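Breakdown of the fold
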Number of protein chains: 2
Amino acid sequence: MGAVRGRRVVRPTLEQVAVRAGVGRGTVSRVINGSPLVSDRTRAAVEAAVAELGYVPNRAARALAVGTTDAIALVVPEPQTRLFSEPYFSGILRGVSAELADTDMQLLLTLVRDQRERERFEQFVSAHRVDGVLLVSVHGDDPLPDLLESIEMPAVLNGRRSAEEPLAYVDSDNAGGAVLAVEHLIGRGRRAIGTITGPLDMYAAKCRLDGYREALRAAGREDDESLIAHGDFTEDSGRRAMRELLTRAPQVDAVFCASDVMAAGARMALREAGRTVPGEVALIGFDDSSVARHMDPPLTTVRQPIEEMGRAMARALLDEIGQRAADRPHAVLPTELIQRETT
Amino acid sequence: MGAVRGRRVVRPTLEQVAVRAGVGRGTVSRVINGSPLVSDRTRAAVEAAVAELGYVPNRAARALAVGTTDAIALVVPEPQTRLFSEPYFSGILRGVSAELADTDMQLLLTLVRDQRERERFEQFVSAHRVDGVLLVSVHGDDPLPDLLESIEMPAVLNGRRSAEEPLAYVDSDNAGGAVLAVEHLIGRGRRAIGTITGPLDMYAAKCRLDGYREALRAAGREDDESLIAHGDFTEDSGRRAMRELLTRAPQVDAVFCASDVMAAGARMALREAGRTVPGEVALIGFDDSSVARHMDPPLTTVRQPIEEMGRAMARALLDEIGQRAADRPHAVLPTELIQRETT
DNA sequence: TCAACGTGTGGGAGCGCTCCCAAAGCGCAC
DNA sequence: GTGCGCTTTGGGAGCGCTCCCACACGTTGA
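Rules used throughout
Residues numbered from 1 in each chain as written. Chains lettered and ligands numbered in written order. Predicted model: local features only at pLDDT ≥ 70, side-chain atom pairs only at ≥ 80, totals over all residues. Heavy atoms only, no water. Disulfide = S-S within 2.5 Å. Phe/Tyr/Trp six-rings, centres within 6.5 Å; stacked < 30°, edge-to-face > 60°. Lys NZ or Arg CZ within 6 Å of the ring centre and 35° of its normal. Buried < 20%, exposed > 50% of the residue type's maximum accessible area, 1.4 Å probe, protein only. Helix = DSSP H or I, 4+ residues; strand = E, 2+ residues; numbered from the N terminus. Pairing = 2+ DSSP bridges. Patch = residues over 30% accessible without salt bridge, like charges linked within 9 Å, V, L, I, M, F, W, Y side chains within 5 Å. Areas by Shrake-Rupley, 256 points an atom, 1.4 Å probe, with all protein chains shown as cover. Salt bridge = Lys/Arg side-chain N within 4 Å of Asp/Glu carboxyl O. Lys, Arg positive; Asp, Glu negative; His and termini not counted. Charge placed at Lys NZ, Arg CZ, Asp CG, Glu CD. Near = heavy atom within 4 Å. Polar contact = N/O pair within 3.5 Å; in protein donor to acceptor, adjacent residues only side chain to side chain. Nonpolar A, V, L, I, M, F, W, Y, C, P; charged D, E, K, R; others polar. Domains from an automatic or database assignment. Contact = heavy atoms within 4.5 Å. Buried area = accessible area lost by both parts, 1.4 Å probe.

Notes on the state of the cysteines
In the structure shown here, the tally under the stated rule is zero disulfides over all chains. Just so you know, Cys 207 of chain A is unpaired, no disulfide at all, and the nearest cysteine sulfur is the one on Cys 257 of chain A, 18 Å from it.

Below, the structure written as structure tokens:
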């Protein structure tokens, strides 16, 4: 609990800079904050004093005075904590961090694992201890976004909860990525193209399935529900879904998996069944996660511009905080096919 | 640049709580901070008022008053930003976050990519904007630790820079892990056990090599320098080192690699050379990173208690900040053999 | 000449908290 | 009844900053 008493190291204050420069506090403050209402002479004098004294403003004092914290929180809820080890999370983090680099915003990282931590975070946010919040992949039923909205806390989601997401968000073009994947499969001459979906209560999973359907329809193929199996983004579910597909539609010669991890599971099922990849069955994933590169053979997949998404999220949040936002900004970034050896 | 003016939402202050509870400011402060010098009656009254008003203390104000920030920074320098996608980093993060969970410490994440960001961070730290710093794997020549020491900023390193690390640190038992690995290989009846080392100017790499030597010596085997090849922790260097080993010591029937990634490289070289794993050559890695699980066959490796390391780091830092530290606390945590299918 | 303006500048007030001194209240021994 | 010591309490001062009002200067126009 308690705040531990820290040693306090003496550092120059704005007041001291003012004395040194022979001006008033207000003037120094103006210079520090780049106000134009300062004469060049004075500004130079203040800047010299700042340099000599090695003055660095005290954030806490400023925060107290203006009611702003110059910090944003990046929240990672539990279900994602494992996803966390994926390049996905680190990509987002990188993008966010890069975008914040020439801002004086601080990035606060919060892992929300259980109910207690969730409450702590809610309290934290309610106390306006940050200027804004970045939410990594929320579930549709997560109450956090609504809380943020109710207290007017600027927030940007990574991914949408539904087609008409009321909050600001940055998403990748899931449907478009699926279309890319299926078109690629078609182009390779595959005839019976199946899919293993993610949990359909997640909007991203739904979009990927929609994209799959759309691409097939565009190619004039007729719907075949027996070629669609459902998973939940886990490896094990991918394996089971693939077995199901092999039983139900043994003619299947290509499968678009809504995640790389499920593709890894599918790969196993195919090996068990003695089917070669890509010889007999082509396989394509989604995410371009590290599994994809290390599979045998390496997995063709759909990459999302993850780092760019992180940047976009940070940018949108800063805009929202600065109220220079297009009301509820959002962006949907394009996906890209990474062709490896399973297709 | 500038701090953007944020909307300010009215929230109750300590003063208001005091009025509500019919007591003075000082008393409320005492209750909030758990001082024992408050009568039960008064405490109850204050707690009621706090609950009614939904009071949450203003951090900035407290920080300003006590000169403490209740935040620590986790710094990830560039060379590690890629390592970053590894479970390693997220494990540390998880451990740190878990340990901080019932503290009111905030975790600030800082990626230091280039010189500019480094300078920003140095200024940030010099301004005492955090109470302490956690450093993920520093290089021996990094000036940051010395800077931290000179400004008396509490800091804990992840890993040592040398055997006599002056700063507080948390490390895993690298030598011990290597011993485990080599003993395992010996137990499997392997005769010509080689190793692929990391860059020996890194202390961890040096320890792993020392452990390798120690285990062989303990088993009464004589030194054979031709069985030692050097890498730099990259996949490519592992591949090259393995080729070298195969040329120089074709009798090699087991290799301890100082990292999983190098083991993946070695695996490729073995495949090229037509050697089976584990039939002809047993392979063992270090780190238990995601590559290990996804290799074909899955790689036996040495796991570090990463999350526990994160926890230990946070604990050590909190102790240091609270000055309840055993002077320069440090911990070396045990490693563990994860047996899979390459041995 | 004077008023009316504009630009620069100083510094009081206040942000919400903690620290700490002084004082009130209480019991006890004399 | 008085004095002492303990516990409990109130509230002034101050942390370092920003905001903003007031004022000191020009400068301009009538």
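Topic: the packing of aromatic side chains
One pass over the structure, following the stated rule, counts four aromatic pairs over all chains. The cationic tip of Arg 208 of chain A hangs over the ring face of Phe 286 of chain A; the distance from NZ or CZ to the ring centre is 3.8 Å.

Section: the pairing of strand E1 (residues 71–77) of chain A
Residue and element names in this part refer to chain A. Within E1, seven of the seven residues are buried, which leaves the element mostly enclosed by the surrounding structure. Taken together, the seven bridges between E1 and strand E2 (residues 106–112) define a ladder with parallel strand orientation. Note that in E2 the partner of Ala 71 across the bridge is Gln 106. Pairing of E1 with strand E3 (residues 132–136) involves four bridges; the strand directions are parallel. Bridge pairing in E3 places Ile 72 opposite Gly 132.

As for a negative patch on the surface
The grouping of Asp 296 and Glu 341 of chain A together with Asp 296 and Glu 341 of chain B at the surface amounts to a negative patch. Exposure remark for Asp 296 of chain B: the relative accessible area of 33% places this residue in the partly exposed category.

Examining the pattern of salt bridges
Two side chains of opposite charge can pair, provided their charged atoms sit close to one another. Going through the model one piece at a time under the given rule, you end up with 42 salt bridges over all chains. What emerges from the salt-bridge pattern is a single network uniting Glu 99, Glu 308, Arg 311 and Arg 315 of chain A.

Here's the deal with the protein's contact with DNA strand D
Near DNA strand D, the surroundings consist of 28 residues, among which Leu 14, Ser 29 and Tyr 55 of chain A together with Thr 27 and Thr 42 of chain B are the closest. Those atoms of DNA strand D that come within 4 Å of the protein belong to sugar or phosphate at a rate of 60%. For DNA strand D, a base nitrogen lies 3.4 Å from a polar atom in the backbone of Ala 61 of chain A. At the level of secondary structure, the elements contributing two or more residues to the surface near DNA strand D comprise helix H2 (25–32) and helix H4 (59–66) of chain A together with helix H2 (25–32) and helix H4 (59–66) of chain B. By residue number, the principal contributor to the surface near DNA strand D is H4 of chain A, which donates five residues. Looking at the surface near DNA strand D residue by residue, the class counts come to twelve nonpolar, ten polar and six charged.

Let's talk about the domain arrangement of chain A
Residue and element names in this part refer to chain A. Structurally, chain A comprises domain 1 (3–66), domain 2 (71–172 + 307–333) and domain 3 (174–303). If you average the C-alpha positions of domain 2 and of domain 3, the two centres end up 30 Å apart. Each partner contributes residues to the interface: domain 2 has nine residues there, and domain 3 has five residues. Summed over both partners, the interface of domain 2 with domain 3 buries about 680 Å², with 49% contributed by carbon and sulfur atoms. In this structure, the connection of domain 2 to domain 3 is made through zero salt bridges. At the boundary of domain 2 with domain 3, the tally comes to one residue pair in polar contact (both at pLDDT 80 or more).

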